[in-house]
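Notes for the structure review
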Amino acid sequence: MGIHGQDNKIFEKTMQIVRIWDLPTRLFHWVLALAVIGLVVTGKVGGNAMVWHFRCGYLVMSLLLFRVVWGLVGGYWSRFYNFMYSPAAVLRYLRGERNPTQSVGHSPLGALSVFAMLGFLTAQVATGLISDDEIDTSGPLAKWASSALVSSATFYHRKIGKVALIVLILTHIGAIAYYRFKKRDPLLSAMLHGDKPIDQPTPGSRDDLVSRLGALVIYLLCALAVWAMLAIASAQP
C-alpha cells in the first residue's frame, strides 16, 4: 500500500458520523420554510387567499415561539449559546482565521443569518397582527392599536419587512449553493437526515424519543398560546 493509501485509510478511520441537527430542529426548519412560502404566495394572491395568509402567519408564530424555547433546551447544536459569536469572532472568521468547530453547526456567518431570519420573521408576524389594508383585511390585534401604529405596521409589513425577508431567503439559498458546490460542504443534506461526517471529537445533539416527545409538548404549548391569544382577541368587541 502506498503512502497516499495509508493516509486515506487513516483519514477514514478518524471520521465519525455525528448527529448535529435533532429531528425537532429539522422539522422546524422545513415546516417554517413551507409556511413562509405559503405566506409569500397567499400574500401575492390576496382576496380569499388572505384567510390562509393569516393561518400561515399563526403557524409561523407558533414555530418561532417553539424555536426560542428549543434554543434553550434543545439538542446541543440547536442551542443558541452554541452559535452565539462575538463581533471579534465574526471578524476573525471573515479574515480566514477559522476554528474547525465553527464548521460543525452554524458558522459565525450562518449564525448571523439565523438570528436575522428569526428577527425579521418575528417583526413580520408582529406587524401582521396589527396591519390593516383598509379594504377588508385587518390583523386580529389591529383594533387595539392606534391608527398611527396600525399605519406604520402596515407599511413595514407590506414593504420593508417583506423585501428584507425575500433578500434574506435568497441569500440563504445562495449560501447553501456556495457551500455545496464550492466548498463541498453538504449543508442541505445534514438538515435532512441530521448527521455530518466529522474528523474531530465532537459532541452530538440528543435526539432520542424522550427529547422528541418533549419537543412535541413544547410545540403544542406554543400553539396553544397562539390559539389563546386569537381567542381572546376575537372575543373582544
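My aim in this report is to walk through the structure given alongside it, one point at a time.

What counts and what doesn't
- Once a new chain begins, its residue numbering starts again from 1 and follows that chain's sequence as written.
- At least 70 in pLDDT is required for a residue's local features to be given in this predicted model, at least 80 for side-chain atom pairs to be given and counted, and no such filter applies to totals for whole chains, interfaces and linings, which use all residues.
- Excluding hydrogens and water, the side-chain figures rest on all heavy atoms present in the structure.
- Interaxial angles span 0 to 180 degrees and are taken between N-to-C directions of axes, which are lines fitted to C-alpha atoms, for helices over the stretch in contact.
- Helix and strand assignments follow DSSP, with helices taken as H or I runs no shorter than four residues and strands as E runs no shorter than two, numbered in order from the N terminus.
- For classification, angles of less than 35 degrees are called roughly parallel, those exceeding 145 degrees roughly antiparallel, those between 65 and 115 degrees roughly perpendicular, and all remaining angles oblique.
- In this description, contact between two residues means that some pair of their heavy atoms is separated by no more than 4.5 Å.
- Gly is put with the polar residues, along with every residue not named as nonpolar or charged; the nonpolar set is Ala, Val, Leu, Ile, Met, Phe, Trp, Tyr, Cys and Pro, and the charged set is Asp, Glu, Lys and Arg.
- The classification of residues rests on relative accessible area computed with a 1.4 Å probe and restricted to protein chains. Under 20% of the type maximum is buried, over 50% is exposed, and intermediate values are partly exposed.
- Put simply, a nonpolar core is a bunch of buried Ala, Val, Leu, Ile, Met, Phe, Trp, Tyr and Cys residues held in one set by side-chain atoms that sit within 4.5 Å of each other.
- Put simply, a patch holds well-exposed residues, over 30% relative accessible area, that have no salt bridge, with like charges counted together within 9 Å and Val, Leu, Ile, Met, Phe, Trp or Tyr side chains within 5 Å.
- Using the Shrake-Rupley algorithm and a 1.4 Å probe, accessible areas are obtained, with residue cover drawn only from the displayed protein chains.
- Take a side-chain nitrogen of Lys or Arg and a carboxyl oxygen of Asp or Glu: if they are within 4 Å of each other, that pair is a salt bridge.
- We treat Lys and Arg as the positive residues and Asp and Glu as the negative residues; His and chain ends play no part in the count.
- Charged groups are reduced to one reference atom each: NZ for lysine, CZ for arginine, CG for aspartic acid, CD for glutamic acid.
- Between the first and last residue of a helix there are one fewer steps than residues, each counted as 1.5 Å, and that sum is the expected span.
- Planes of paired rings set the category: under 30 degrees apart is stacked, over 60 is edge-to-face and the rest tilted, where pairs are Phe, Tyr or Trp rings (Trp by its six-membered ring) whose centres lie within 6.5 Å.

**A look at the packing of helix α4 (residues 87–94) against helix α5 (residues 108–129)**
- The N-to-C vectors of α4 and α5 enclose an angle of 125°; their axes lie 9 Å apart at closest approach. In terms of their interaxial angle, α4 and α5 are classed as oblique. Contacts between α4 and α5 involve Ala89, Val90, Tyr93 and Leu94 from the former and Pro108, Leu109 and Leu112 from the latter.
- For the contact of α4 with α5, the residue count by class is seven nonpolar, no polar and no charged.

**Quick word on the environment of Ser62**
- On the secondary structure map, Ser62 appears in helix α3 (residues 50–73).
- Overall, the relative accessible area of 3% leaves Ser62 in the buried class.
- In this structure the C-alpha to C-alpha distance between Ser62 and Leu32, which are 30 residues apart in sequence, comes to 10.0 Å.
- Setting aside residues up to four positions removed in sequence, Ser62 forms contacts with Tyr219, Cys222, Ala223 and Val226.

**Thoughts on the nonpolar core**
- One finds Phe28, Leu32, Val60, Leu64, Phe66, Leu118 and Leu121 to be the most contacted residues of the largest nonpolar core, which totals 32 residues.
- For Leu32, the contacting residues outside a window of four places in its chain are Leu27, Val60, Leu63 and Leu121.
- Counting eight residues, the second-largest nonpolar core is a separate cluster that includes Val18, Ile20, Trp21 and Ala190.

**Quick word on a positive patch on the surface**
- A cluster of basic residues, Lys44, Arg158, Lys159 and Lys162, forms a positive patch on the protein surface.
- Structurally, Lys159 can be placed in helix α6 (residues 147–181).

**A few points about α5**
- In this model, α5 (22 residues) spans 32 Å end to end at C-alpha, consistent with the 32 Å of a helix rising 1.5 Å per residue.
- Looking at α5, one finds that the buried residues are Pro108, Ala111, Val114, Met117, Leu118, Leu121, Gln124, Val125, Thr127, Gly128 and Leu129.
- Buried residues belonging to α5 abut α2 (23–45), α3, α4, α6 and α8 (209–235).

**Description of the packing of aromatic side chains**
- Following the criterion strictly, the structure yields seven aromatic pairs and no others.
- Measuring from centroid to centroid gives 6.3 Å for Phe66 and Tyr219, while their planes differ by 75°, and the two rings are edge-to-face. Residue Phe66 is located in helix α3, and its partner Tyr219 is located in helix α8; the two are separated by 153 residues in the primary sequence.
- Judged by relative accessible area, Phe66 falls into the buried class, the value being 4%.

**Thoughts on α8**
- Over its 27 residues, α8 extends 39 Å from the first C-alpha to the last, a length consistent with the 39 Å expected when each residue adds 1.5 Å.
- Along α8, the residues that are buried comprise Ser211, Ala215, Ile218, Cys222, Val226, Leu230 and Ala233.
- Looking at the buried residues of α8, the elements they touch are α2 and α3.

**Examining the environment of Val167**
- Take Val167: it is sitting in helix α6.
- Relative accessible area serves as the criterion here: at 46%, Val167 is assigned to the partly exposed category.
- Between the C-alpha atoms of Val167 and Ser107, which are 60 residues apart in sequence, the distance is 20 Å.

**A short note on the pattern of salt bridges**
- The full count for this structure, using the stated rule, is six salt bridges.
- The partner of Arg26 in a salt bridge is Asp207, and the shortest N-O contact between them spans 3.2 Å. One end of the pair, Arg26, is in helix α2; the other, Asp207, is in the loop between β2 (195–198) and α8, with 181 residues separating them in the sequence.
- Look at Arg26 and you get buried, because its relative accessible area is 8%.
- As a salt-bridge pair, Asp208 and Arg206 come within 2.9 Å of each other at their nearest N and O atoms.
- Taking relative accessible area as the criterion, Asp208 reaches 31% and is therefore assigned partly exposed.

**Brief notes about the environment of Val150**
- If you trace the backbone, Val150 turns up in helix α6.
- Residue classification places Val150 among the buried positions, given a relative accessible area of 11%.
- Distance in space between the C-alpha atoms of Val150 and Asp133 is 9.6 Å, their sequence separation being 17 residues.
- Each residue touching Val150, except ones within four places of it in the same chain, is listed here: Ile130, Ser131, Asp132, Ala142 and Ala145.

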